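Structural characterization, general
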Amino acid sequence: MVRAATLCALLACAAPLAAQHDQHAGADGRHRMSRDNPMLPGMRGIVPPVTPWLPGAGIDPSTLPAAQPRQLVELADGDTLRLEARFVRRSIGGRSFVMYGFNGQYPGPLLRVPQAATVVIDFHNAIDQPSTVHWHGVRLDNRFDGVPDVTQPEVPPGQSFRYEVHFPDAGIYWYHPHVREDVQQDLGLYGNMLVTPAATDYYGPANREEVIMLDDIVIEADTLVHYGREAPNYALMGRFGTTMLVNGEPHYHLQVARGEVVRFYITNVANTRIFNLSFGGARMKVVGSDVGKFEREQWIESVLISPAERYIVDVRFDEPGTFAVQNRVQGLDHFMGELYSETWELGMVEVSASAATPDHRAAFEILRENHDVVAEIDRVRPFFERSPDHELRLNVRAGNLPTPMVAFMSLDTAYFRPLELNDAMPDMNWVTTGREITWILRDAATGAENMDIHWRFRRGDVVKIRIHNEGKGRSFHPMSHPIHFHGQRLLVLSVDGVPNPNLVWKDTILIPVGRTVDLLMEASNPGTWMMHCHIAEHLGAGMMGLFTVE
Amino acid sequence: MHPVFLATAGVLLLLSSAPAAEPASHAPVLEPDTIGLIGTARATGARGFVRITSTPAPFVMSVAANGDPRLELEFVVNGLLDPTPLGGDTYVAWVASPQLDVYERIGPLESHARARGSTTLPKWLAIVTVENGPGGEKPSGPIVAHGLSPSGRLQSFQGHELFNGPKIGDAGQTPLPRTIESWQIVNDQPLTIRYHLAGGGTVTRTATW
């Protein structure tokens, strides 16, 4: 229980905004999230203190072309592709919405390119706000990283920008805007790049490859819930969607033959949701992640994947029948103080009785040791035990929040779970914006925060970075954060001092609440780059910094 | 089931974890999830802790397909004497669900001091009992030390004033969420809020927390 003096200080701080909230009451109150959780007393009528905003709100959807499912685009070294961000008409669950799409598709075109290729992407911005394209995870030329005011100016509506994208690493990558991701990405501007390895035996054999993008979107009363024009709403926990999407569809469906080995390339493009994906008990093994393969394949029950991460898994469907594709997580009910099992049905895989040919069962049963990966990591293994070169602390600063919310959050501090897997307080989350919430990267050595952090390295440096996500007693509202480093690749060395026994190169690392994660970054790619939380609303609330590789 | 166990376990539900004893150096942990173990009346000198880490996995955290976390537990207990006078020859570590309907045996304490195991229970009680041998499916002997998982500290706000709102006439507690149109703070100390009801009228309430 908080002390009265502390609480009153908080209340006094919060009072001015309460009035401000009341002035907005009713502006878009019907879009309030309403679930089973009871609303806090005093929260009724409180809305985010930003202008409600739905891009394309004045457009008649029937005047727009219907978005088409993603198409595969094969690109060879030197090829050029025109990529246009534009308004589209999307149908989700039988309801039509004005959304965005790259080349009129959902997700954007799947680009398949050979490793070591360089392609030209002529980006044209035909949406109603400035944009860019970031080539997530690709160690490309800094000029083409797509970060406004760092590597390029924003591309205004109606303007274009030419990207040259070089793909040094095999694996699965994705592209998305780096301007108001909470809006542009959420409304459909994302797509994958599948980089095929130079070596033909890079992966084990599979009968087919499936590239899937996991997403969610907030739909209430047949409408999309407004964004904030001046700053993101849902700034506290990020925008947890109410409708799950796989490749832009609410019901994923795949038909395979009995015994098929399917290689799934999985990307989480949700604003904030962490998925725990499984395939109805079908056996699966994890093969790779963000920037290549694991040192060794490993049997898994499910794939825990946070925003912007990728995983490559091989799944074998042994028996005919239907396998549910599910997201199963441990939900938290703040009101009752209970943890509960939450299951989202994402789709299904139908397995026919006819046998797959060829039969890859024997190869599937073998967990491959990837000696090429081990040898590559051996080069940096001598750096594993060194002291950290830099240490980041993750925290949050909140001010001017509605009084009931401050009171509740000040009381609800006995336990913070390591991963935020559901939105346990949607009403409170919704009203918070980047104006009241500042999510913080803090340099432990200098005290510098967010964009005041600017680390400098030399090309070839191997840098140890410790990230501590400050938890109970140290943060007003701790939350897990997927931290993305642009332009480089990293290894997760340990979590809370426990060494990671199976390494893989990453670009996005989930940092659970209260945990300390040691990373090793290979500063291989020159330029000034961003590091930031990939929860879109946290990025919009300041959680980003810079580093330069000279 | 041993009546002492049942009675003690019931009491455990009401207990918060004690401050943890200082764990052995495990740098670079800054905020380890470590819970305290407290000796019962049968072993008043017993003190210890359970260190909790995520089971190593290809992901930063390890979770089961159903979403429950996979945790590695290390029980460390000091001050346990010869268990023979307590009716057994072995100290055994367990975790149990708060409803006491699920038990998982962690294992015997080596040298009466240390045991390792794992669990996927979302909330759990940590207990050490005296058993004959390594223990069966459920504990049978007396409890000598206990603790509560960090998630066990989750609070219920169901009965909290924040959610029960003002009293209206003699109707008792009327839930606020559906009745409040707006509100204003009329006093900071003690906190006093005037609620404007959706159907008209106001109610003033002073919080006591």
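Refer to the structure presented above.
In what follows, the accompanying structure is described. (Residues numbered from 1 in each chain as written. Chains lettered and ligands numbered in written order. Predicted model: local features only at pLDDT ≥ 70, side-chain atom pairs only at ≥ 80, totals over all residues. Heavy atoms only, no water.)

Let us now look at the overall build of chain B. The number of helices and strands found in chain B is 2 helices and 11 strands. Each helix (α) and strand (β) of chain B, taken in turn from the N terminus, gives the series α-β-β-β-β-β-β-β-β-α-β-β-β. Within the span of chain B, comprising 209 residues, buried residues form 50% of the whole. Long-range pairs, those at least 24 residues apart, make up 52% of the contacts in chain B between residues at least 6 apart in sequence. Here chain B displays about 9,400 Å² of accessible surface, and carbon together with sulfur accounts for 51% of that area. (Helix = DSSP H or I, 4+ residues; strand = E, 2+ residues; numbered from the N terminus. Buried < 20%, exposed > 50% of the residue type's maximum accessible area, 1.4 Å probe, protein only. Contact = heavy atoms within 4.5 Å. Areas by Shrake-Rupley, 256 points an atom, 1.4 Å probe, with all protein chains shown as cover.)

Once that is clear, we can look at the pattern of salt bridges. One pass over the structure, following the stated rule, counts 44 salt bridges over all chains. The shortest N-O distance in the salt bridge between Glu-74 of chain B and Arg-116 of chain B comes to 3.3 Å. Within this pair, whereas Glu-74 of chain B is found in strand β3 (residues 71–78), its partner Arg-116 of chain B is found in strand β6 (residues 114–119), the two being separated by 42 residues in sequence. Taking relative accessible area as the criterion, Arg-116 of chain B reaches 60% and is therefore assigned exposed. Linked by salt bridges that have partners in common, Arg-139, Asp-169, Glu-376, Arg-379, Arg-489 and Glu-522 of chain A make up one network. (Salt bridge = Lys/Arg side-chain N within 4 Å of Asp/Glu carboxyl O.)

Moving on, we come to helix α5 (residues 403–411) of chain A. Most of α5 of chain A is tucked away: 9 of the 9 residues are buried. Those residues of α5 of chain A not exposed but buried are Thr-403, Pro-404, Met-405, Val-406, Ala-407, Phe-408, Met-409, Ser-410 and Leu-411 of chain A.

Negative phi values dominate among residues other than glycine, just as trans dominates among peptide bonds. All names here are of chain A. That bond from Tyr-106 to Pro-107 is cis: its omega, -20°, falls within 30 degrees of zero. Checked against the element boundaries, Pro-107 lands in the loop between β6 (105–106) and β7 (110–114). Put simply, Thr-357 and Pro-358 share a cis peptide bond, and its omega is -5°. Residues other than glycine seldom take positive phi values, yet Asp-149 does so here, at roughly 70°. Checked against the element boundaries, Asp-149 lands in the loop between β9 (134–136) and β10 (160–166). One non-glycine residue, Arg-180, adopts positive backbone phi at about 40°.

What follows deals with the nonpolar core. Ranked by internal contacts, the top residues of the largest apolar core, which has 111 residues, are Ile-121, Trp-135 and Phe-485 of chain A. The element contributing the most residues to this core is strand β4 (residues 80–92) of chain A, with 6 residues. Excluding residues that lie within four positions of it along the chain, Ile-121 of chain A makes contacts with Leu-75, Leu-81, Leu-83, Leu-111, Trp-135, Phe-161, Arg-162, Tyr-163 and Val-165 of chain A. Residues Ile-266, Val-313 and Val-315 of chain A together with Met-61 of chain B belong to the second largest nonpolar core, which totals 40 residues. (Core = buried A, V, L, I, M, F, W, Y, C linked by side-chain atoms within 4.5 Å.)

Bringing the sheet that holds strand β11 (residues 171–176) of chain A into the picture now. Residues and elements named next belong to chain A. Across the sheet, 5 strands lie side by side as β3-β7-β12-β11-β9; this open sheet has mixed pairing. Only two strands of the sheet have a single neighbouring strand rather than two, namely β3 (72–74) and β9. Taking each pair of neighbouring strands and ignoring which way they run, the sheet shows an average axis angle of 25°. For β11 and strand β12 (residues 191–196), the ladder comprises 5 bridges, and the chain directions are antiparallel. Looking at β12, one finds that Tyr-175 is bridged to Gly-191. (Pairing = 2+ DSSP bridges. Axes fitted to C-alpha atoms, helices over the stretch in contact; angles between N-to-C directions.)

What follows is about the side chain of Arg-180 of chain A. All names here are of chain A. Tracing the chain through its elements places Arg-180 in the loop between β11 and α2 (181–184). Given the relative accessible area of 19%, Arg-180 is considered buried. Within the structure, Arg-180 has its side chain in polar contact with the side chain of Asp-182 (distance 2.8 Å). (Polar contact = N/O pair within 3.5 Å; in protein donor to acceptor, adjacent residues only side chain to side chain.)

Let's shift gears to the sheet that holds strand β32 (residues 489–495) of chain A. Residue and element names in this part refer to chain A. Strand order in this open sheet of 6 strands is β28-β27-β30-β35-β32-β33, and the pairing throughout is mixed. For this open sheet the edge positions go to β28 (437–443) and β33 (498–499), each flanked by a neighbour on one side alone. Of the pairings in the sheet, the one linking strand β30 (residues 462–469) to strand β35 (residues 516–522) comprises 7 bridges and is antiparallel in character. For Ile-465, the partnering residue across the bridge sits in β35 and is Leu-519.

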